[in-house]
Amino acid sequence: MSTRQIVVGVSAVVALMCAGCEPSGDRTSVSTARDARAVSSDWPVHGGTTTEQRFSPLAEINVDTVAELKPAWFVEVDTTRGQEATPLEVDGVLYTTTAWSKVYAVDAKTGALIWYYDPKVPGATGYKACCEVNSRGPAYADGRVFVGALDGRLIALDAKTGTELWSTLTVDQSQPYTITGAPRVAKGKVFIGNAGAELGVRGYVSAYDAATGALAWRFYVVPGDPAKAPDGAASDDALARLAAPTWFGKWYEYGGGGTVWDAIVYDSELDQLYVGTGNGSPWSRNLRSDGKGDNLFLSSVLALDPDTGAYLWHYQESPGESWDFTSTQPMMLVDLTIAGAPRKALLHAPKNGFFYVLDRRTGKVISANNFVPVNWATHVDLATGRPAIAANAYYTDGPFVGSPTGAGAHNWSPWSYSPRTGLVYFQAGESTLRYVDKPGWKFVPGGYNTGIDRGPDAAPATDQNTTPPKAYVLAWDPVENRERWRIDGRGGGVLSTAGDLLFQGKSGKTGELVAYDARDGAKLWSYATPNPIVSGPISYAIDGEQYVALISGRGFYGTDDRNAHTPQPGRIVAFKLGGTAVLPEGPKPPPPANPPSETFRDDVVAAGEALYYEHCGRCHGNATRSLNIIPDLRRAPALTNAELWRTVVIDGPLAERGMVSFSRFLDAAQAESIRGYVARQSVLLAREEAAAAP
């Protein structure tokens, strides 16, 4: 092992079956560093600088030298779950969060562990997370590291030692709130939102005093119960004056949604805070708001006063949001010259498929063009800023096969702008989904409350997938608001550099870091990694040497069984020219299918299939197809033992590993019918494995 390979102990927990099967770990803690000013050799804030352009001005690694780029060091972290964090680097120390909101501080030159902090998130919190137990990174300012814990705490750590300085609860933990996004810090305040719209919560963004953790202000995204008094929050006036008239029905009984689960950007030039808001809860406006109203401030960009939280302006990208079109995707601030005039622009490419260039002084739309095929709206009217909604897009007259979908034309993955090329780079995707209200839908507290019929019989396959999914990296001209070129293939977040390079991680059973020419997309270099890569790379320099670093490790997403494997620890990996570290081998194959000897009646299997889709698929994989990061139930030892299966599903002995009791939703007979469905799927998997065997 190279002396640069400082390997932290791994705690990989194997459970029979669970929706988050991994304990949150146990270690002691501590932290280093400086404020979030833009320093060319550091990466002190989430997007590189407060403009969040994710561009590195370093150029030692460039189109001519990138061939010599190799691993400098790596660190194994003690969780096998998804890794989506953007690390920070300040004064030679790299800080990152991992799954379960743990924090690592390592020597950015050698990888040597400086300190480690575990907030000890209860494993049962994993059930509240719609989309893995991820953390997208920490924040840093004035010698403190800030992390939003999955269970809703905001925590400040001493950057030199990792010692906890304060911890404050930002949510009602009796409700299904989580935090997966990275905090932002400005003007002595820490800004943080939350997630949980699918499970039925009311979203908001909060500001806390960075020194003490005291609440400074809170802005709710959607109105509360009109029969109750105002919240006494910064949002009271805007909600009463602007938002409340756009809501109908009893949305407040379902939460309403609008969670601020990722994008928060501070504009130091204009002294404005921009916040991207989430989807409705439930998804369907028909169920949420009597089928009418814009439902402000869902799916919007909000501009707030960072000192008080007071409303400044808003732009709603998807009025009457009914498609899981969150506007929480990354935003960046860029000064552009458009039609001969200088414009202070906010760029945004959210889930709904339109690339927006907004005047960040006022929120007025400068331009808006679709970057993938879009059928929910025909165009955006620049005079009014409103999209022209297509007929039946709200599925009021039967099913609507929509494109894009809640998976997003662009989702959370980091994007980048290069001032050298004038282009924005980001991962885009095409997909379709059949939207239709679930017959007889009723809100279930703590359940998955989309209101959409997503069951196995919701649509024929020909309707569900009118076009095959596609994925590619787009190089987008924000001035002309059009595509310049693309790179086919699916990948994670991107980084552009002054060396005219574009870096992106790739995911399969293993991973790959790739460097393209940022000018034309030509592939220049790649390096295989044992872990898939979905996070965004960063770049920094120490002692005159440039590094490219990232955290690797994929979550449970994906249904391609060819990429299934045994869980492996996530890894922080840093590259430099002439690096000498040797990365470990990739993961081992998953355990084989484990079908029980019993046979199950067709009606039992059919009932189990519907229940599986409703309660199990979001963690264990659609149609039981899984990467086995959260266990593939077709392979689970409990599948052949009816009593053990019932115990795990109904009694919840694995709750601390994320597999909570489902006794609120299922009885023993229903749990057994799910076993029947999984058993039949396991038989099919066994046949596939036999056919593929040598």
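Now for a description of the structure that goes with this document. These numbers come from a predicted model, not from an experiment.

Rules used in this analysis
Residues numbered from 1 in each chain as written. Predicted model: local features only at pLDDT ≥ 70, side-chain atom pairs only at ≥ 80, totals over all residues. Heavy atoms only, no water. Axes fitted to C-alpha atoms, helices over the stretch in contact; angles between N-to-C directions. Helix = DSSP H or I, 4+ residues; strand = E, 2+ residues; numbered from the N terminus. Left-handed = near helix turned anticlockwise from the far one by under 90°. Contact = heavy atoms within 4.5 Å. Nonpolar A, V, L, I, M, F, W, Y, C, P; charged D, E, K, R; others polar. Buried < 20%, exposed > 50% of the residue type's maximum accessible area, 1.4 Å probe, protein only. Pairing = 2+ DSSP bridges. Salt bridge = Lys/Arg side-chain N within 4 Å of Asp/Glu carboxyl O. Arc of directions from axis to C-beta.

Turning our attention to the packing of helix α6 (residues 642–651) against helix α7 (residues 668–692). Packed helix pairs are characterised by how far apart their axes lie and by the angle those axes make with each other. It is the contact of α6 with α7, at a shortest axis distance of 10 Å, that shows an interaxial angle of 115 degrees. Pair α6 / α7 crosses with right-handed handedness. Together, Ala642, Trp645, Arg646, Val649 and Ile650 of α6 and Ala668, Ala671, Glu672, Ile674, Arg675 and Val678 of α7 make up the contact between the two elements. Looking at the contact of α6 with α7 residue by residue, the class counts come to eight nonpolar, no polar and three charged.

For Thr170, the position within the fold is in the loop between β10 (164–169) and β11 (184–186). What makes Thr170 buried here is its relative accessible area of 3%. Those residues in contact with Thr170 that lie beyond four places of it in its chain are Gly152, Leu154, Ile179, Ile192, Tyr204, Tyr208 and Arg218.

Quick look at the pairing of strand β36 (residues 523–529) now. Within a regular strand, side chains alternate between the sheet's two faces. Relative to β36, strand β35 (residues 511–517) runs antiparallel, the two sharing six bridges. Bridging across to β36, Tyr516 finds its partner in Lys523.

On inspection of all chains with the given rule, the structure shows 38 salt bridges. Across the pair Asp151 and Arg153 runs a salt bridge whose closest N-O atoms are separated by 3.0 Å. Grouping residues by exposure puts Asp151 and Arg153 together as buried. Linking Arg202 and Asp231 is a salt bridge whose minimum nitrogen-to-oxygen distance equals 2.8 Å.

This part takes up helix α1 (residues 236–243). Three or more residues of α1 are buried, namely Ala238, Leu239 and Ala243. An end-on view of α1 places all buried positions within 100 degrees of arc, on one side of the element. Of the surrounding secondary structure, the elements contacted by the buried residues of α1 are β14 (215–220) and β20 (311–316).

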